[in-house]
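# A closer look at the structure
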Amino acid sequence: MDPGDTMHLLHNDHVEKQEFTEGLSLKVLNIGSNKIAGQIPSSISNLVELERLDISRNLIPGTIPISLGQFVKLHWLDIFINSLTGKIPTSLLGIKIMRHASFRANRLCGEIPQDRPYNIFPASAYARNLCLCGKPMPPCKGKKQETSR
């Protein structure tokens, strides 16, 4: 991987809101542990080559953008320990090669997308949220959970 394809800004308290232009061939974006308090910019959808995204350990509010489902090459997603709200978008089911995802310690609620790989990640990937439910977490109220075959 070309070093120009990677952006690591770990533990940098002076990261400002980034806008990502079209044609940027970034494959790794790691801006974890930066005390970022702004929402995930919509321009992140311009990073179509992204394989690894880490925005963990920040103060990011708002919802998980539906556009993240366009990242068909994404295999690593860390968005844990933020202030994200809402549901995990079902658009993420379009990412078939996802090998790791962590949504823990946010304010997420609702049913976890019930298809691979999201329903086979460990419960720890979803822990410490407001009310996530569905496999691998407890069943959603009023809904029977399918058993493994």
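Right, let's walk through the structure included here. (Residues numbered from 1 in each chain as written. Predicted model: local features only at pLDDT ≥ 70, side-chain atom pairs only at ≥ 80, totals over all residues. Heavy atoms only, no water.)

## Details of the overall build of the protein
- When you go through the protein residue by residue, the secondary structure sums to zero helices and nine strands.
- Sequence-ordered secondary structure for the protein, helices as α and strands as β, is β-β-β-β-β-β-β-β-β.
- Burial statistics for the protein: of 149 residues in total, 44% are counted as buried.
- Sequence separation of 24 or more characterises 35% of the internal contacts of the protein that already satisfy a separation of 6 or more. (Helix = DSSP H or I, 4+ residues; strand = E, 2+ residues; numbered from the N terminus. Buried < 20%, exposed > 50% of the residue type's maximum accessible area, 1.4 Å probe, protein only. Contact = heavy atoms within 4.5 Å.)

## Focus: the packing of aromatic side chains
- A full pass over the atoms with the stated rule returns three aromatic pairs.
- For the pair phenylalanine 103 and tyrosine 118, a centre-to-centre distance of 6.4 Å together with 55 degrees between the ring planes defines the contact as tilted. Pair noted here: phenylalanine 103 is in the loop between β7 (100–102) and β8 (107–111) and tyrosine 118 is in the loop between β8 and β9 (131–133), with a separation of 15 residues, a long-range link. You'll find phenylalanine 103 and tyrosine 118 in the same group, each marked buried.
- Where phenylalanine 103 meets tyrosine 126, the ring centres are 5.6 Å apart and the plane angle is 5 degrees; that geometry is what we call stacked. Of this pair, phenylalanine 103 sits in the loop between β7 and β8 while tyrosine 126 is found in the loop between β8 and β9, placing the two residues 23 residues apart along the sequence.
- Accessibility expressed as a relative area gives 1% for tyrosine 126, which makes it buried.
- Through pairs of rings, three or more aromatic residues link up here, namely Phe103, Tyr118, Phe121 and Tyr126.
- A cation over an aromatic ring shows up here: arginine 52 above the ring of tryptophan 76, its NZ or CZ 4.0 Å from the ring centre. (Phe/Tyr/Trp six-rings, centres within 6.5 Å; stacked < 30°, edge-to-face > 60°. Lys NZ or Arg CZ within 6 Å of the ring centre and 35° of its normal.)

## Quick notes on the sheet that holds β9
- Read from one edge of the open sheet, four strands run β4-β6-β8-β9, paired in parallel fashion. Two strands lie at the open edges of the sheet, namely β4 (61–63) and β9, each paired on one side alone. Averaged over all pairs of adjacent strands, the angle between their axes in this sheet comes to 30 degrees, without regard to strand direction.
- Relative to β8, strand β6 (residues 83–86) runs parallel, the two sharing two bridges. Along β8, the bridge assignment pairs glycine 86 with leucine 108. (Pairing = 2+ DSSP bridges. Axes fitted to C-alpha atoms, helices over the stretch in contact; angles between N-to-C directions.)

## Details of the nonpolar core
- Among the nonpolar cores identified, the biggest contains 34 residues, and Phe103, Tyr118 and Tyr126 are the most heavily contacted of them.
- What tyrosine 118 contacts, discounting residues up to four positions off in sequence, is Leu92, Leu93, Ile95, Met98, Ala101, Phe103, Ile112, Pro113, Tyr126, Lys135 and Pro136. (Core = buried A, V, L, I, M, F, W, Y, C linked by side-chain atoms within 4.5 Å.)

## Quick word on the pattern of salt bridges
- Counted according to the given criterion, the structure contains two salt bridges.
- Lysine 27 is paired through a salt bridge with aspartate 5; the nearest N and O atoms lie 4.0 Å apart. Remark: aspartate 5 occurs in the segment before β1 (6–8) and lysine 27 occurs in the loop between β1 and β2 (28–30); sequence separation between them is 22 residues.
- Here lysine 73 makes a salt bridge to glutamate 49, at a shortest N to O gap of 2.6 Å. Placement of the pair is lysine 73 in the loop between β4 and β5 (76–78) and glutamate 49 in the loop between β2 and β3 (52–54), with a sequence separation of 24 residues.
- For glutamate 49, a relative accessible area of 25% translates into the label partly exposed. (Salt bridge = Lys/Arg side-chain N within 4 Å of Asp/Glu carboxyl O.)

## Some remarks on the pairing of β6
- Relative to β6, β4 is paired through three bridges, and the arrangement is parallel. If you follow proline 61 over to β6, its bridge partner there is serine 83.

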